Amino acid sequence: MPRCSKRTRSSAPAAELLAGTTSLEDHHHHKRSRNTSSRRHSKSEDTSFSVKKCLTWFKEYTTVSEPDVLGPEGMEKFCEDLNVDPENVVMLVIAYKMGAKQMGYFTQEEWLKGLTELQCDSVHKLQNKLEYLRSLLNDPYMFKAIYRYSYDFARDKEQRSLDTGTARALLGVLLPRWPLRAALADFLAREQRYRVVNRDQWSNILEFSRTVDAQLAAYDADGAWPVMLDEFVEWLRAERAGDSSMLAS
């Protein structure tokens, strides 16, 4: 409805103001009721999910030549709008929720799948979900699922395995506080024979990080670890022994 001008409101007779009501108090009551109803309606609109609005948001990050794919440039803008660093682990959780197949890309179908589940059709709504998405990493089973998902997500689709450079970067995102992460990254960088990490090795790195302490006291040489991790332990022990002898001399 168009608003009345101040002049019209101020010159309206009291009888007109009260027409259809029994008292001035009733008039204010109805006015408050309308305002409350309007606020409730507005709040309902804010929290409801709109597929149309979600798709319009998606189009902000696509190009005319590829309207159904959000690519690297669009991803950069998406991260800027969310105020989240592209390397932040929460972006991996978002990709997991979408079921994204390739790092740096979201298809329209993946976008709708993930954001419909999260009920987010705007930047503001997704920003409000970021803490919830981060909290999923505290669930060991959910973390394991996201960790395993990351292997195929980050893998070059022309290769069957994950190159060690990408594996080291992913470990920095997923296991930043693991005491042996930097040592394993160093080992993988030095050992030229390990140019890739296969799926079994990747899965076992997570298990290794959960069961073997920083001093390697819990490491079982007869355990069913991949050869790569056995060799990592031998290498690390040799490195530490060398450092100790240097300090002693």
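Up top you'll find the structure we're talking about.
No experiment lies behind these values; they were computed from the predicted model shown. (Residues numbered from 1 in each chain as written. Predicted model: local features only at pLDDT ≥ 70, side-chain atom pairs only at ≥ 80, totals over all residues. Heavy atoms only, no water.)

Draft legend 1. Highlighting the overall build of the protein chain. Scanning the protein chain from N- to C-terminus turns up 13 helices and four strands. Here the protein chain, with 249 residues, has 37% of them falling under the buried criterion. At a minimum sequence separation of 6, the contacts of the protein chain that also span at least 24 residues come to 65%. Carbon together with sulfur atoms contributes 51% to the accessible area of the protein chain, which is approximately 15700 Å² in total. (Helix = DSSP H or I, 4+ residues; strand = E, 2+ residues; numbered from the N terminus. Buried < 20%, exposed > 50% of the residue type's maximum accessible area, 1.4 Å probe, protein only. Contact = heavy atoms within 4.5 Å. Areas by Shrake-Rupley, 256 points an atom, 1.4 Å probe, with all protein chains shown as cover.)

Draft legend 2. A look at the packing of aromatic side chains. With the rule as written, the count across this model stands at 19 aromatic pairs. Consider the rings of Phe-58 and Trp-111, whose centres lie 5.4 Å apart with planes at 55 degrees: the pair is tilted. Remark: Trp-111 occurs in helix 7 (residues 108-118) and Phe-58 occurs in helix 4 (residues 51-59); sequence separation between them is 53 residues. Each member of the pair, Phe-58 together with Trp-111, is buried. Seen in terms of ring centroids, Phe-208 and Phe-232 are 6.3 Å apart; in terms of plane orientation they differ by 70 degrees. Their pairing is edge-to-face. Of this pair, Phe-208 sits in helix 12 (residues 199-211) while Phe-232 is found in helix 13 (residues 227-248), placing the two residues 24 residues apart along the sequence. Phe-232 shares its class with Phe-208; the two are buried. Taken together, the aromatic side chains of Trp-178, Phe-187, Tyr-194, Phe-208, Trp-225, Phe-232 and Trp-235 make up a single cluster linked through ring pairs. The ring centre of Tyr-132 lies 5.7 Å from the NZ or CZ of Lys-129, which sits over that ring. (Phe/Tyr/Trp six-rings, centres within 6.5 Å; stacked < 30°, edge-to-face > 60°. Lys NZ or Arg CZ within 6 Å of the ring centre and 35° of its normal.)

Draft legend 3. Summary view of the side chain of Lys-125. Within the secondary structure, Lys-125 is located in helix 8 (residues 123-135). Side-chain polar atoms of Lys-125 contact the side chain of Asp-121, separated by 3.0 Å. (Polar contact = N/O pair within 3.5 Å; in protein donor to acceptor, adjacent residues only side chain to side chain.)

Draft legend 4. Up close: the pattern of salt bridges. In the structure shown here, the tally under the stated rule is twelve salt bridges. Salt-bridge contacts for Lys-53 lead to Asp-121; the nearest nitrogen and oxygen are separated by 4.0 Å. Here Lys-53 is found in helix 4, whereas its partner Asp-121 is found in the loop between helix 7 and helix 8, with 68 residues between them in sequence. Residues Lys-59 and Asp-68 are paired through a salt bridge, measuring 3.5 Å at the closest nitrogen-oxygen approach. Here the salt bridges share partners, and the residues they tie into one network are Lys-53, Asp-121 and Lys-125. (Salt bridge = Lys/Arg side-chain N within 4 Å of Asp/Glu carboxyl O.)

Draft legend 5. Up close: the packing of helix 10 (residues 164-174) against helix 11 (residues 181-190). Between helix 10 and helix 11, the shortest axis-to-axis distance is 10 Å and the interhelical angle comes to 175 degrees. Viewed along their axes, helix 10 and helix 11 adopt a mutual orientation that is roughly antiparallel. Taking contact as the criterion, the partners of Thr-164, Arg-168, Leu-171 and Gly-172 in helix 10 are, on helix 11, Arg-181, Leu-184, Ala-185, Leu-188 and Ala-189. Of the residues belonging to the contact of helix 10 with helix 11, the class tally is five nonpolar, two polar and two charged. (Axes fitted to C-alpha atoms, helices over the stretch in contact; angles between N-to-C directions. Parallel < 35°, antiparallel > 145°, perpendicular 65-115°, else oblique. Nonpolar A, V, L, I, M, F, W, Y, C, P; charged D, E, K, R; others polar.)

Draft legend 6. Layout of the packing of helix 6 (residues 89-98) against helix 8. As a packed pair, helix 6 and helix 8 sit with axes 10 Å apart at the nearest point and diverge in direction by 95 degrees. Viewed along their axes, helix 6 and helix 8 adopt a mutual orientation that is roughly perpendicular. From helix 6, Val-90, Val-93, Ile-94 and Lys-97 reach across to helix 8, where they touch Leu-126, Leu-130, Tyr-132, Leu-133 and Arg-134. Of the residues in the contact of helix 6 with helix 8, the class split is seven nonpolar, no polar and two charged.

Draft legend 7. Structural detail: unusual backbone geometry. The phi angle at Asn-83 is positive, at roughly 60 degrees, despite the residue not being glycine. Here Asn-83 is to be found in the loop between helix 5 (72-82) and helix 6. Of the residues examined, Asn-83 reaches a relative accessible area of 68% and is grouped as exposed. Of note in the backbone geometry, Leu-216 takes a positive phi value of approximately 65 degrees without being a glycine.

Draft legend 8. Expanded view of the nonpolar core. Judged by nonpolar contacts, the single largest core of 68 residues is most densely connected at Phe-78, Phe-106, Trp-111, Leu-126, Trp-202, Phe-208 and Phe-232. Apart from the residues lying within four places of it in its own chain, the contact partners of Leu-126 are Trp-57, Phe-78, Leu-82, Ile-94, Leu-115, Leu-118, Cys-120 and Leu-133. (Core = buried A, V, L, I, M, F, W, Y, C linked by side-chain atoms within 4.5 Å.)

Draft legend 9. Representation of helix 10. Buried within helix 10 we find Thr-164, Ala-167, Leu-170, Leu-171, Val-173 and Leu-174. Buried residues along helix 10 sit against helix 6, helix 9 (140-154), strand 3 (162-163), helix 11, strand 4 (196-197) and helix 12. The opening residue of helix 10, the one whose side-chain oxygen lies 3.1 Å from the backbone nitrogen of Gly-165, is Asp-163.

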